[in-house]
Amino acid sequence: MDKKVIFSGAQPSGKLTLGNYLGALKNWEGLQDDYDCYYCIVDLHAITVPQEPKELRKNSLEALAQYLACGLDPQKSTIFIQSHVSAHIELAWVLNSISYMGELGRMTQFKEKSQKSEANLNAALFTYPVLMASDILLYQTDLVPVGEDQKQHLELARNLAQRFNNKYSDTFKVPEPYIPKVGARIMSLQEPDKKMSKSDKNENGYILLIDESDAILRKVKRSVTDSLGIVKYSDEQLGIKNLLNIYAKMSGKTIEEIEKMYEGKGYGDFKNDTAEVIIEGLRPIREKYQDLLKNKDYLEEIYVQGAQKAQKASLKTLRKVYKKVGFIPGK
Ligand code: AQP
């Protein structure tokens, strides 16, 4: 029987964070044997907020090296850069024609990001969820690993798939959310009520996948906690709760085990040890990443091959779509 298809991606809008790792990449790795996985570096999405071209190029290649360093395997999965597969944009255009202004205006992420900066109120930010729907529907995706923040966008992808199928006849698979067994929403180290984000202006808010040990230790030590002095998993102590989540995910220990270990101790030991499990957990990834970056030819080979595979699969869907909407097939 054919394996089910999974699609997911991360934006090269900065450097990947521990949040991206624990919320996405770490789970993606484990899915590769059981599913037909498409893992994309979504650079087209990244330009919905202003990017420095040189930085974007660098971040995209580095994201690829980090995908590989985290265990994504080009022999098992299709790993590619979104702008290399033009069908993403072509299908997005068709999907735009069946998307309503009203439904796009209701997207929470659009509301949040457009409010952040009026200067950034561009049309791409508005239609971004349609491009995301195109990413997913092009590969006849069965399952999309999504965090809470992306559920609304997946719902739109499902609606658009159904709308198109009803209007023109069955074409798209209607994707389902894939909820990982152990979910993780990693919060900012400086503002633990906000998610850890790679585009945070304050670099003490996030830990990068490729941060050196001393940077990790410094950031964890400086992380915002409280004055209660008890290592407890509680909504009254968001900073400590976040560190406990990170510690547990990185070490494999349960929250209860960790709470017990620090009974009667202050935050100093707890923070040092949390930093230590992060440092040790990320060390092999950073080392592999540094090795991979030395071999740009290899990275190029991976993204070229990935794009070829993705191109082939995506064109199958796009051709069907073009035919159904009434475009004359070209030669
Ligand atoms: N803090 C987080 N905790 C858990 N999961 C997270 N993800 C991102 N941050 C966290 C998950 O990582 C995947 C890729 O996300 P993305 O890079 O496409 O976009 P994002 O969610 O908008 O990530 P950032 O870091 O916040 O980017 P910017 O700052 O550019 O907006 C997704 O599966 C996401 O859920």
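Structure's up top.
These numbers come from a predicted model, not from an experiment.

Criteria and thresholds
Residues numbered from 1 in each chain as written. Predicted model: local features only at pLDDT ≥ 70, side-chain atom pairs only at ≥ 80, totals over all residues. Heavy atoms only, no water. Salt bridge = Lys/Arg side-chain N within 4 Å of Asp/Glu carboxyl O. Buried < 20%, exposed > 50% of the residue type's maximum accessible area, 1.4 Å probe, protein only. Helix = DSSP H or I, 4+ residues; strand = E, 2+ residues; numbered from the N terminus. Right-handed = clockwise from strand over helix to strand, strands pointing away. Pairing = 2+ DSSP bridges. Near = heavy atom within 4 Å. Polar contact = N/O pair within 3.5 Å; in protein donor to acceptor, adjacent residues only side chain to side chain. Areas by Shrake-Rupley, 256 points an atom, 1.4 Å probe, with all protein chains shown as cover. Nonpolar A, V, L, I, M, F, W, Y, C, P; charged D, E, K, R; others polar.

Description of the pattern of salt bridges
Consideration 1: Throughout the structure, instances matching the rule amount to 13 salt bridges.
Consideration 2: Each of Lys15, Lys58 and Glu62 takes part in one network of salt bridges that share partners.

Thoughts on the pairing of strand E2 (residues 36-41)
Consideration 1: With respect to burial, E2 is a largely interior element, 5 of its 6 residues being buried.
Consideration 2: On the question of chirality, the crossover connecting strand E1 (residues 5-10) to the parallel E2 by way of helix H1 (residues 18-31) is right-handed.
Consideration 3: With 4 bridges connecting them, E2 and strand E3 (residues 78-81) associate as parallel partners. Of the residues in E3, the one forming a bridge with cysteine 40 is phenylalanine 80.

A few points about the site of the ligand
Consideration 1: Around the ligand, the structure places 18 residues, and the nearest of them are Ser13, Lys195, Ser197, Lys198 and Ser199.
Consideration 2: Contact distances for the ligand include 2.4 Å between an oxygen atom and a side-chain N or O atom of serine 197.
Consideration 3: Protein chains shield 93% of the accessible area of the ligand, which is 640 Å² for the free molecule.
Consideration 4: For the shell around the ligand, the secondary-structure elements that each account for two or more residues are E1 and H1.
Consideration 5: Per element, the largest residue contribution to the shell around the ligand is 4 residues, and it comes from H1.
Consideration 6: Taken together, the residues of the shell around the ligand sort by class into 5 nonpolar, 8 polar and 5 charged.

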